[in-house]
Amino acid sequence: MKISCGTDIIEIKRIKESINDLGTKFLERVYTDKEIEYCESKNNQKYQHYAARFAAKEAVFKAISSRLNNKYDIGWKNIEVVNDENGRPHAGLLDIEIQEIEEMDISISHCKEYATANVVVIWKNVALMSH
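Values in this document were obtained by computation on a predicted structure and should not be read as measured data. (Residues numbered from 1 in each chain as written. Predicted model: local features only at pLDDT ≥ 70, side-chain atom pairs only at ≥ 80, totals over all residues. Heavy atoms only, no water.)

### So, the overall build of the protein
Selection rule: Helix and strand assignments come from DSSP, with helices taken as H or I runs of at least 4 residues and strands as E runs of at least 2, each series counted from the N terminus. Based on C-alpha atoms, the radius of gyration is set beside the globule rule, defined as 2.2 Å times the residue count to the power 0.38. Throughout this description, buried means an accessible area under 20% of the type-specific maximum (1.4 Å probe, protein chains only), exposed means over 50%, and partly exposed covers the range between. Any two residues having at least one pair of non-hydrogen atoms within 4.5 Å are treated as being in contact. For the accessible areas, the method is Shrake-Rupley and the probe is 1.4 Å, while residue cover comes only from the protein chains on display.
Scanning the protein for helices and strands turns up four helices and five strands. Start at the N end of the protein and walk to the C end: the helices and strands fall as β-α-α-α-α-β-β-β-β. At 15 Å, the protein has a C-alpha radius of gyration in line with the 14 Å of a compact globule built from 131 residues. In the protein, buried positions account for 39% of the 131 residues. For the protein, contacts bridging at least 24 residues in sequence account for 58% of all contacts bridging at least 6. Total accessible area on the protein stands at roughly 7,900 Å², and carbon and sulfur atoms take up 45% of it.

Written as structure tokens, this is what we have:
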């Protein structure tokens, strides 16, 4: 078994400015429909939730990047962060499969100015993991 991790932090203001400047062009390039629906439901705090998901996508990328042949093998919308019925976030891969992932756990947090995310990936088939 091998474990890898990724972490990211972002200023909420940067995401808010991108959304306000680029509108749906930015949203549709970075977020899935489920993520947009969730964040938009948060009204005044929607930018915190968008930023948290942005950080989560970056953290997932960092945690799985060792298994990618090329950083362009994965796009923003290949990573989706949704909450379960208890409000706990989960990250999943869409339209891309990395079979060596045994488990992926994510933690996201945000405050007034920053959003952060941490991802831990447990890999199976350690012999396949070469650098």
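### Focus on the side chain of histidine 49
By the secondary structure assignment, histidine 49 is in helix H4 (residues 46-64). Taking relative accessible area as the criterion, histidine 49 reaches 9% and is therefore assigned buried. What histidine 49 contacts, discounting residues up to four positions off in sequence, is Tyr38, Cys39, Lys42 and His110.

### Considering the packing of helix H1 (residues 12-22) against H4
The condition is simple: Every axis corresponds to a line fitted to the C-alpha atoms, with the helix fit spanning only the stretch in contact, and the corresponding angles, defined between N-to-C directions, vary from 0 to 180 degrees. Comment on the angle field: the value is read as roughly parallel under 35 degrees, roughly antiparallel over 145, roughly perpendicular from 65 to 115, and oblique elsewhere. The residue classification treats Ala, Val, Leu, Ile, Met, Phe, Trp, Tyr, Cys and Pro as nonpolar and Asp, Glu, Lys and Arg as charged. All others, Gly included, are polar.
Direction vectors running N to C along H1 and H4 enclose 105°, while the axes themselves pass 9 Å from each other. Relative to H4, the element H1 lies roughly perpendicular. Within the contact between the two elements, H1 uses Ile12, Ile15, Lys16, Ile19 and Asn20 and H4 uses Tyr47, Gln48, Tyr50, Ala51 and Phe54. Its residues assigned to classes, the contact of H1 with H4 comprises seven nonpolar, two polar and one charged.

Functional significance is not addressed by these values, which are geometric in nature.
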